[in-house]
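Residue-level structure breakdown
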Amino acid sequence: MSDALSDDGSDINQDESQEDVMTPAELIAKLEEAWLNEKFSPELLENRSEVVECVMEQLTHMEANLQRVKKGDAKASIHRMEIDRIRFMLSSYLRSRLQKIEKFFPHVLEREKSRGEGDPSLLSPEEFAFAKEYYANTETYLKAVALKRMPPNLQTVDMLKAVPEPCLDSFVFLRVKERQENILVEPETDDQREYVVDLEEGSQHLMRYRTIAPLVSSGAVQLI
Amino acid sequence: FFKCLHDNEAKSEGRAELIPSIKLRHCCLLRNQRCLTAYLYDRLLRIRALRWEYGSVLPANVRFHMCAEEVQWFSQYKKSLASFMRSLGAGEGLDITQDMKPPKSLYIEVRCLKDHGEFEIDDGTVILLKKNSQHFLPRWKCEQLIRQGVLEHVMS
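Parameters and conventions
- Residues numbered from 1 in each chain as written.
- Chains lettered and ligands numbered in written order.
- Predicted model: local features only at pLDDT ≥ 70, side-chain atom pairs only at ≥ 80, totals over all residues.
- Heavy atoms only, no water.
- Helix = DSSP H or I, 4+ residues; strand = E, 2+ residues; numbered from the N terminus.
- Buried < 20%, exposed > 50% of the residue type's maximum accessible area, 1.4 Å probe, protein only.
- Contact = heavy atoms within 4.5 Å.
- Areas by Shrake-Rupley, 256 points an atom, 1.4 Å probe, with all protein chains shown as cover.
- UniProt positions renumbered as here; feature names shortened; annotations may be inferred.
- Pairing = 2+ DSSP bridges.
- Axes fitted to C-alpha atoms, helices over the stretch in contact; angles between N-to-C directions.
- Domains from an automatic or database assignment.
- Buried area = accessible area lost by both parts, 1.4 Å probe.
- Salt bridge = Lys/Arg side-chain N within 4 Å of Asp/Glu carboxyl O.
- Polar contact = N/O pair within 3.5 Å; in protein donor to acceptor, adjacent residues only side chain to side chain.
- Nonpolar A, V, L, I, M, F, W, Y, C, P; charged D, E, K, R; others polar.
- Core = buried A, V, L, I, M, F, W, Y, C linked by side-chain atoms within 4.5 Å.
- Expected span 1.5 Å × (residues − 1).

**Side note on the overall build of chain A**
Scanning chain A from N- to C-terminus turns up eight helices and five strands. Counting over 224 residues, chain A shows a buried share of 44%. Sequence-distant contacts in chain A: of pairs separated by 6 or more residues, those separated by 24 or more amount to 70%. For chain A, the accessible surface area stands at approximately 12500 Å², while carbon and sulfur atoms represent 50% of it.

The following block contains the structure:
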């Protein structure tokens with residue numbers, strides 16, 4: 001099916017002067033990775049807006065192609081299914097990001113404000129605007145309904161303390177894509193014994209998210 | 001609340017024996033504040049869920065249970081969400097409240113719950129949607145109407 005897909009897509013990418021010219025199949029694979037990682041990670045991951053944009057472009061191209069093909073119903077319906085599936089993946093990815101933004105909004109905004117200049121951004125500009133509006137909206141609501149009727153020293157709520165932080169110690173399943181050595185897995189016990197593992201390529205593990213968080217963002221492991 | 005202020009004045013006048021009772025009252029007030037904000041925040045989360053389930057227009061009986069500020073919060077949330085969806089993919093827009101479940105098949109069996117008149121699908125055929133009539137239609141066309149309650153997905 002992805003052969004039929006790349007047939008239609010290869011003429012698009014040929015005269016595209018982007019930094020990374022990927023085949024549509026690679027692009028969809030990247031989207032799938034980002035989607036699964038975002039779905040299973042307890043915290044909000046790095047923003048992949050370039051993938052989102054490319055996929056949306058791809059979808060519009062595919063829909064346009066489909067309009068042109070009138071007859072040949074079998075091929076058209078297969079393409080249509082493909083479009084539906086890709087659109088579902090993209091929507092699900094964006095939805096899980098939005099849900100995490102809403103759930104952890106003060107922490108997400110704080111992280112975004114305090115990140116360094118060269119660090120990759122956590123939120124796309126639109127997501128940042130959405131998060132700020134959500135914060136302001138919720139604060140206005142709480143003030144209007146309850147807080148303004150309280151005594152002066154109780155009229156603010158510290159959102160950073162009030163809203164719970166993402167639980168980074170939750171366990172996640174992962175598959176190793178690149179071999180890693182000497183990953184420190186700290187035990188919960190009081191005696192500070194270091195417990196170190198090597199991660200073989202292709203192996204699957206169940207670990208605490210906190211220990212493998214940097215590997216997820218570098219792409220060395222895939223959450224499943 | 002005002003008794004607390006009164007006691008605070010007493011404290012500043014140097015009557016140290018009232019300090020424990022002030023602390024206790026302050027803790028009670030903080031706890032009350034936390035309970036209230038937790039209740040209100042939980043209501044907000046439920047209202048947010050309504051937007052994702054029912055769409056932009058809430059049914060009247062639900063709106064009846066919301067206070068004016070909640071209605072305002074809802075309309076503000078709707079606006080934020082809509083402008084976010086519009087901005088996706090460099091101005092193209094993508095409605096992410098659609099496609100909630102992975103697509104299983106291309107065509108689905110639907111039953112019409114209300115009269116909706118004529119409905120045209122992509123290859124030009126026109127279907128008359130009368131109450132209780134059943135049709136086999138493309139999935140992406142029906143999704144809107146299913147959410148509005150006009151069609152019902154029949155799973156045999």
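**Side note on the UniProt feature "domain: GINS subunit" (unreviewed entry) in chain B**
With numbering matched to this structure, UniProt assigns "domain: GINS subunit" (unreviewed entry) to residues 18-88 of chain B. Along residues 18-88 of chain B, the helical share is 86% and the strand share 0%, with 59 Å between the first and last C-alpha atoms.

**So, the sheet that holds strand 4 (residues 134-138) of chain B**
Residue and element names in this part refer to chain B. What the three strands build is an open sheet, ordered 4-1-5; its pairing is antiparallel. Every interior strand has two partners, whereas the edge strands, strand 4 and strand 5 (151-153), have only one. Geometrically, the sheet is characterised by an average inter-axis angle of 45° between neighbouring strands, direction not taken into account. Pairing geometry for strand 1 (residues 107-112) and strand 4, over five bridges, is antiparallel. Paired with V110 across the strands is H135, a residue of strand 4.

**As for the domain arrangement of chain A**
Residue and element names in this part refer to chain A. Segmentation of chain A into domains returns domain 1 (22-164) and domain 2 (167-223). The C-alpha-based centres of domain 1 and domain 2 are spaced at 26 Å. Taken together, the contact between domain 1 and domain 2 spans nine residues of the former and 10 residues of the latter. Each partner contributes to the roughly 800 Å² buried at the junction of domain 1 and domain 2, and carbon and sulfur atoms together form 54% of this total. On the surface where domain 1 and domain 2 come into contact, there are one salt bridge. Notably, a salt bridge pairs K177 with E33, separated by 3.5 Å at the nearest N-O pair. On inspection of domain 1 and its partner domain 2, the count reaches five residue pairs in polar contact (both at pLDDT 80 or more). Residue composition of the side of domain 1 that touches domain 2, grouped by class: four nonpolar, two polar and three charged.

**Brief notes about the nonpolar core**
Counting 51 residues, the largest nonpolar core has A:L90 and B:I96 as its most contacted members. When contributions to this core are tallied by element, the ones reaching two or more residues are helix 2 (24-40), helix 3 (49-68), helix 4 (73-103) and helix 6 (125-145) of chain A together with helix 2 (19-54) and helix 4 (68-86) of chain B. With nine residues, helix 4 of chain A is the single largest residue contributor to this core. The contacts of B:I96, once residues within four sequence positions are left out, are A:S91, A:L94, A:R95, A:L98, B:W52, B:F84, B:M85 and B:L88.

**As for helix 2 of chain A**
Given a rise of 1.5 Å per residue, 17 residues ought to cover 24 Å, and the 24 Å separating the end C-alpha atoms of helix 2 of chain A matches this to within 8%. Taken together, the buried positions of helix 2 of chain A are A:P24, A:L27, A:I28, A:L31, A:A34, A:W35, A:N37 and A:E38.

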